[in-house]
Structure formats: C-alpha cells, structure tokens
Amino acid sequence: MSSDASDASSSGPKPLEVLLLGCSRVGKTVLVRHFNRLCEDQNADLSGADGKREPLSMSTEPTVGVEIDKMTYRGVTFVMREVGSAMMSTWESYCSNCAALMYVIDASNKAQVSTAAIQFLNILRSSKFHESKPIMLILNKQDVRHCMSRLDLASLMRLNDITKTVRNDVHILETSAYTGRGVSELLGFTTKVVFTLQKIYGLQQQLHH
C-alpha cells in the first residue's frame, strides 16, 4: 500500500477511485509500479531534483487482498485500488465505490482468455457496476513473442457482442508492463478520464445544492 493511501480519507473532496482487476499474473502490480514511478518522476522534474533511480522491479507475487495507491499525475489525484485475483469471487463488491474500471488481460496467455472474458462480463452485468462508469480494457504483455493481436483477442473474448450489451464507454489500450511500452499513455489517458469524471461529479453536486 502506498504511504499516501491514508490521505485518501483526509479532509477535502475524496479522490475518485479507479478499480484495477484482472486474472492472476496479468501484470497489474507492475503496471501500478510504473504509474507510481511516473508520478514520482513528474514530481522530481517539477522540483528540479536530479538523481539516479533504481531499475523498476519486475519481481512479483500474486496480490493477496487489496492494494491501495493514491496518485497525482498532471495535477489530477485519484486512488488506484488493486484487488487480487484470489479475491475474484468478491470483485463485484468493489464495483459500487469505483468511478472507473481498469481491467487487465494477458495477451500472451490464450488459455486464460475465456476466464478473463467470463469475469469481465460478470462485472459488466453486475447491478453494482453502473452503466455510466468508463472501462479501460488493457491488453498487456505486448512484448511477448507471438502474443495475440487485438483482433484475435476481440474475437476470442467476443468483445463486440459484450460491448453491445452495455452502455459503458469501453476503451481498449495496449501495454507492456515489462518494457514500459504504452504505460505513460495509459496513465495519461486514465488521468483524462478521472479529470472528466471530476467535472461531471462537480456539476452534479452543484445542481443538488
């Protein structure tokens, strides 16, 4: 858990939450490490700090429980809540409080795609996951040789059929948590999503006052 996570409950507007889900060993934890590093690097640039950084660790163990990280990037603060695959049966209970969903798929693991698709559909069909919540579908491990193409994954997961049954905005992005490819773009996109939601929620609060 990030040392900043406790600040999420401090005074002031509560940061919006992005829920991070995915099957075992799809790369969720390393993606979060990249996000934290990008936030740290941005803060270092703003403060003029200069120094060598340790290489980002790629070593992980399956997440047991919930990991919470509070992040600020490009002036936008949000909370990333990663729920481990071991808690798959309870994923639905975390859908109510999130503002957006980031769902990670291992594009190199064809055997896992059916399970990933079933769990993704279960979330979308959940009464706790509102149709207004945007979804970022992350096709990770693009660095792995012979990984499935975006078209192959869409076909195997029947994404066209799935997305036709929901009103949520579904954004598909490709990344490699190992090489870092597409990660800064993903964090930037996430920041834009959160910023847009903040404005919408702010207007809704004004209308109710």
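Note that this is a predicted model, so its numbers are computed, not measured.

**Student:** Help me get a handle on the layout of surface pockets, residues and values and all.
**Tutor:** In this model, the largest pocket occupies a volume close to 360 Å³. In this structure, the largest pocket is lined by 21 residues; those nearest its centre are R25, V26, G27, V30 and T60. Broken down by element, the residue count for the lining of the largest pocket peaks at 3 residues, all from helix α1 (residues 28-47). Of the residues belonging to the lining of the largest pocket, the class tally is 7 nonpolar, 8 polar and 6 charged.

**Student:** Account for the packing of aromatic side chains, with residues named and values stated.
**Tutor:** Enumeration according to the criterion identifies 2 aromatic pairs in this entry. Relative to Y103, the ring of W91 has its centre 6.2 Å away and its plane inclined at 90 degrees; by these criteria the two rings are edge-to-face. In this pair, W91 is assigned in the loop between β3 (76-83) and β4 (100-106) and Y103 in strand β4, connecting sequence segments 12 residues apart. The interplanar angle of 35 degrees and the centroid separation of 5.1 Å between the aromatic rings of Y103 and F120 together place this pair among those described as tilted. On the criterion of sequence distance, the pair formed by Y103 in strand β4 and F120 in helix α2 (residues 113-125) is long-range, its members being 17 residues apart. You'll find Y103 and F120 in the same group, each marked buried. Chaining the aromatic ring pairs together yields one cluster made of W91, Y103 and F120.

Basis of the calculations
- Residues numbered from 1 in each chain as written.
- Predicted model: local features only at pLDDT ≥ 70, side-chain atom pairs only at ≥ 80, totals over all residues.
- Heavy atoms only, no water.
- 1 Å grid on protein atoms, 1.4 Å probe; cavity = no way out; pocket = protein on both sides within 12 Å on 5 of 7 lines; lining within 4 Å.
- Points joined across faces, edges and corners; volume = space filled by probe spheres on them.
- Helix = DSSP H or I, 4+ residues; strand = E, 2+ residues; numbered from the N terminus.
- Nonpolar A, V, L, I, M, F, W, Y, C, P; charged D, E, K, R; others polar.
- Phe/Tyr/Trp six-rings, centres within 6.5 Å; stacked < 30°, edge-to-face > 60°.
- Buried < 20%, exposed > 50% of the residue type's maximum accessible area, 1.4 Å probe, protein only.

None of this, on its own, says anything about what the molecule does.
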